[in-house]
Amino acid sequence: MRERDMTRRRVLGIGGALGLMTATGLSASAALARRPSFTGAELRSAVPLPPPFQVPLPIPSVLAPVSASGGADRYAITQREASAEILPGVRTPLWTYDGTFPGPTIESRRGRPVTVTHRNELPVPTVVHLHGGRTPAASDGYPTDLLLPDGRQETAMHMGHGMHDPRAVVTTLTRDYTFPLDQRPTLLWYHDHRMDFTAPAIWRGLAGLHIVRDDAEDGLGLPAGPRELPLMIADRAFAADGSLAYPALRDRPGVTDPYLGGVLGDVILVNGAPWPEHEADAARYRLRVLNASNARHYELEAVTDDGRRLDLVQVGADQGLLAAPVTHRVLPIAPAERYDVIVDFSGVAIGSRVRVVNRLGSGRTRDVMAFRIARAAADGSRVPRTLSADLPAWRRSDAVRVREFAFRTGRMNGGHGWLIGGLPFDPGRSDVTVGLGEVEVWRLVADVHHPVHLHLVGFRVLSRSGRPPLPHDAGLKDTVSLRPGESVEIITRFDGYRGRYLFHCHNAEHEDMGMMANLEII
Ligand code: C2O
Ligand code: CU
Ligand code: CU
């Protein structure tokens, strides 16, 4: 890499981007648009790392309901400390849902309500959010709706910056979260969402999957059973004692200077295992991919031993099935995005490997996982040309207003912050008020890379910097990746429930350092 590029990269890494961006504004953004995405700095592990493709791919276990009577499913999850052998021979202490990372998977049917009783046995307050869920506000995991561990009455010290939120609903020890799941079937995920401390909590292990299904999707004939695999991709770094390294500040939220742009790890985990390998049939597989990384972006490819790139046939987005499949060779995935992808291993030599590679990685972070094609097999699956007919088709002319939000770096509490419309998050301020059922167009403008997420609603991507959306923008989304310098228009209808929700950047470090805003539906 040329030296000028290196310097430029370091500046954007980010600390210095603050000065750069505010000084030169959009012209710098325009220059950035031509650059590959790079947001954050990489932590180096202090333990030896295993070679890739040695550890089998774990599949998170499916949680059994404590009861399934009365038309609803009830679950119980205990949040507690546990340790796991993530790297062979290394014990890593974690914060977990029910003792594992990822947490247990919840399997649900569309429209069948689920109540999850969370019990907090961790040393810190927590908040559970079901990402992508159409959830009433009381169960949506607003960042100040804390679930305190037993014996803590006092909340102020956990609020960060002494912020007080009179609307917060704080509970102790246990809390019921109710999810109607009256929504399109898709892969959701649940994760911590505590005010100011979401990034370190997810990093330490507070994330799990929640799959919603329905009869129509089951009837499509997509690969199923052992040929449907959830893949939660997340990067982490390990300290010398085996714990997860994280550059937290000592006495306040946020991270130390080189990591202000986001924390990247040098180990790529899939379902909690480092660079795993999965033994597969020479048949079609349905991969339910989630990027659960705090800040790392991926551009995924499936590459055979003889250098062929397999088609990645996308059948679904964040919020469920596309109208029709879209074929990619490379699939970009930003933090919190999900893709539902069919890969066909039938033409791959038995005994050879298909590596899943991240084009944006370098060295060890280029590899993600591998499939070892173990045996020939019959395959009764198919990929229908029409997948769903219920995608909303909002038109610009349906919109009652257009709003614009700039996602930019700035100053906050005398330090570095990440701001929406020039302001850091404040639970007491109302940022957006919208009437239930109204359609709006939002124009989202970025300095560096920002994956923007709206709670409650799915949206469609209308344009990117005045041009048509990209092939991977198809379908219904709940997170959209704003590339450096880009302006993205989305359209949605704010329906479902009234109440206080959020929208924010899902780079978890940006989120903790202010890049969140209120969305009030009235
Ligand atoms: Cu995945 Cu507001 O969250
Ligand atoms: Cu969410
Ligand atoms: Cu961001």
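Here is what the cut-offs are and how they apply
Residues numbered from 1 in each chain as written. Chains lettered and ligands numbered in written order. Predicted model: local features only at pLDDT ≥ 70, side-chain atom pairs only at ≥ 80, totals over all residues. Heavy atoms only, no water. Helix = DSSP H or I, 4+ residues; strand = E, 2+ residues; numbered from the N terminus. Rg over C-alpha atoms; globule rule 2.2 N^0.38 Å. Buried < 20%, exposed > 50% of the residue type's maximum accessible area, 1.4 Å probe, protein only. Polar contact = N/O pair within 3.5 Å; in protein donor to acceptor, adjacent residues only side chain to side chain. Contact = heavy atoms within 4.5 Å. Donors = N, O, S within 2.8 Å, 3.2 Å for Na, K, Ca; no water. Pairing = 2+ DSSP bridges. Axes fitted to C-alpha atoms, helices over the stretch in contact; angles between N-to-C directions. 1 Å grid on protein atoms, 1.4 Å probe; cavity = no way out; pocket = protein on both sides within 12 Å on 5 of 7 lines; lining within 4 Å. Points joined across faces, edges and corners; volume = space filled by probe spheres on them. Domains from an automatic or database assignment. Buried area = accessible area lost by both parts, 1.4 Å probe. Core = buried A, V, L, I, M, F, W, Y, C linked by side-chain atoms within 4.5 Å.

Describing the overall build of the protein
So, point 1. Of the regular secondary structure elements, the protein holds five helices and 34 strands.
So, point 2. Relative to a compact globule of 522 residues, whose C-alpha radius of gyration would be 24 Å, the protein shows 22 Å and is just as compact.
So, point 3. Taking the principal axes of its C-alpha atoms as reference, the protein extends roughly 65 × 60 × 55 Å.
So, point 4. Burial statistics for the protein: of 522 residues in total, 60% are counted as buried.

Overview of the side chain of Glu 277
So, point 1. Topologically, Glu 277 is positioned in strand S16 (residues 277-282).
So, point 2. Here Glu 277 falls in the buried class, since its relative accessible area comes to 18%.
So, point 3. A polar side-chain atom of Glu 277 sits 2.8 Å from a polar atom in the side chain of Arg 353.
So, point 4. In this structure Glu 277 touches Phe 53, Val 55, Pro 56, Leu 57, Arg 353, Ala 370 and Arg 372, once residues within four positions along its chain are discounted.

Focus: the coordination of the copper ion (ligand 2)
So, point 1. Here the copper ion (ligand 2) is held by His 129 (NE2) and His 453 (NE2), and the distances to it run 1.9 Å. Note that His 129 is positioned in strand S6 (residues 128-131) and His 453 in strand S29 (residues 450-454), a separation of 324 residues in sequence. Across this residue pair, the class does not change: His 129 and His 453 are buried.

A closer look at the sheet that holds strand S3 (residues 92-97)
So, point 1. Overall, mixed pairing links the four strands, which are arranged S3-S2-S5-S9 in an open sheet. Bordering the open sheet on either side are S3 and strand S9 (174-179), each of which pairs with just one other strand. Each strand axis lies, on average, 20 degrees off the axis of its neighbour in the sheet, ignoring direction.
So, point 2. Taken together, the seven bridges between strand S2 (residues 73-84) and strand S5 (residues 114-120) define a ladder with parallel strand orientation.

Describing the environment of Pro 230
So, point 1. Looking at where Pro 230 falls in the secondary structure, it is placed in strand S12 (residues 228-236).
So, point 2. In this structure the C-alpha to C-alpha distance between Pro 230 and Asp 340, which are 110 residues apart in sequence, comes to 9.2 Å.
So, point 3. Pro 230 has contacts with Ile 59, Pro 60, Leu 209, Asn 271 and Arg 288, leaving out every residue within four places of it along the chain.

Observations concerning empty space enclosed by the protein
So, point 1. Applying the stated criterion across every chain, the model contains five cavities of 30 Å³ or more.
So, point 2. Computed from the structure, the largest cavity encloses a volume of approximately 150 Å³.
So, point 3. Around the largest cavity, the lining comprises 16 residues; the ones closest to its centre are Leu 287, Val 289, Leu 300, Leu 312 and Val 356.
So, point 4. Contributions of two or more residues to the lining of the largest cavity are made by S12, strand S17 (284-291), strand S18 (298-304), strand S22 (338-344) and strand S24 (367-376).

A look at the domain arrangement of the protein
When the parts come together, some accessible area is lost, and that loss is often what is quoted as the size of the interface.
So, point 1. When cut into domains, the protein gives domain 1 (17-34 + 392-521), domain 2 (67-214) and domain 3 (225-376).
So, point 2. Residue-level contacts link 28 residues of domain 1 with 29 residues of domain 2.
So, point 3. Here domain 1 meets domain 2 over a buried area of about 2,200 Å², counting both sides, of which 54% is carbon and sulfur.
So, point 4. Contact with domain 2 buries area across many residues of domain 1, yet Tyr 497, Arg 500 and Asp 512 alone supply 30% of it, more than any other trio.

Thoughts on the side chain of His 297
So, point 1. Along the chain, His 297 turns up in the loop between S17 and S18.
So, point 2. Within the local environment of His 297, its side chain forms a polar contact with the side chain of His 449, the two groups lying 3.3 Å apart.

Looking at the coordination of the copper ion (ligand 3)
So, point 1. Every protein donor of the copper ion (ligand 3) is listed here as His 450 (ND1), Cys 505 (SG) and His 510 (ND1), and their distances to the metal cover 2.0 to 2.1 Å.
So, point 2. Here the donor residues for the copper ion (ligand 3) map to a single chain with the spacing H-x54-C-x4-H. Taken together, the residues span a long stretch of sequence, with His 450 in strand S29 and Cys 505 in strand S33 (residues 499-505) at a distance of 55 residues. As far as the burial class goes, His 450 and Cys 505 line up, both buried.

Re the nonpolar core
So, point 1. Ranked by internal contacts, the top residues of the largest apolar core, which has 82 residues, are Phe 345, Phe 371, Trp 442 and Phe 503.
So, point 2. If we skip the residues at most four places from it in the chain, Phe 503 touches Phe 405, Phe 407, Ile 420, Val 432, Trp 442, His 453, Leu 454, Met 516, Ala 517, Asn 518 and Leu 519.
So, point 3. If you look at the next biggest cluster of nonpolar residues, it comprises 20 residues, including Leu 63, Leu 122, Phe 179 and Ala 201.

A short note on the sheet that holds strand S11 (residues 207-213)
So, point 1. Taken together, the four strands give an open sheet; going across it, the order is S4-S11-S10-S6, and neighbouring strands pair in mixed fashion. The outermost strands of the open sheet, each flanked by one partner alone, are strand S4 (106-109) and S6. Sheet twist, expressed as the mean angle between neighbouring strand axes with direction ignored, is 25 degrees.
So, point 2. Relative to S11, strand S10 (residues 187-192) is paired through five bridges, and the arrangement is antiparallel. Bridging from a neighbouring strand, Trp 189 pairs with Leu 209 of S11.

Regarding the pairing of strand S25 (residues 401-412)
So, point 1. Note that S25 and strand S28 (residues 439-446) share seven bridges and pair parallel. Counterpart to Phe 405 in the pairing with S28 is Leu 444.
So, point 2. Of the strand pairs in this sheet, S25 and strand S26 (residues 415-420) are connected by six bridges, and their pairing is antiparallel. Each bridged residue has a counterpart across the sheet, and for Gly 410 the counterpart in S26 is Gly 417.
So, point 3. Where S25 hands over to S26, the hairpin turn is made up of two residues, of which Asn 413 adopts a positive phi near 45 degrees.

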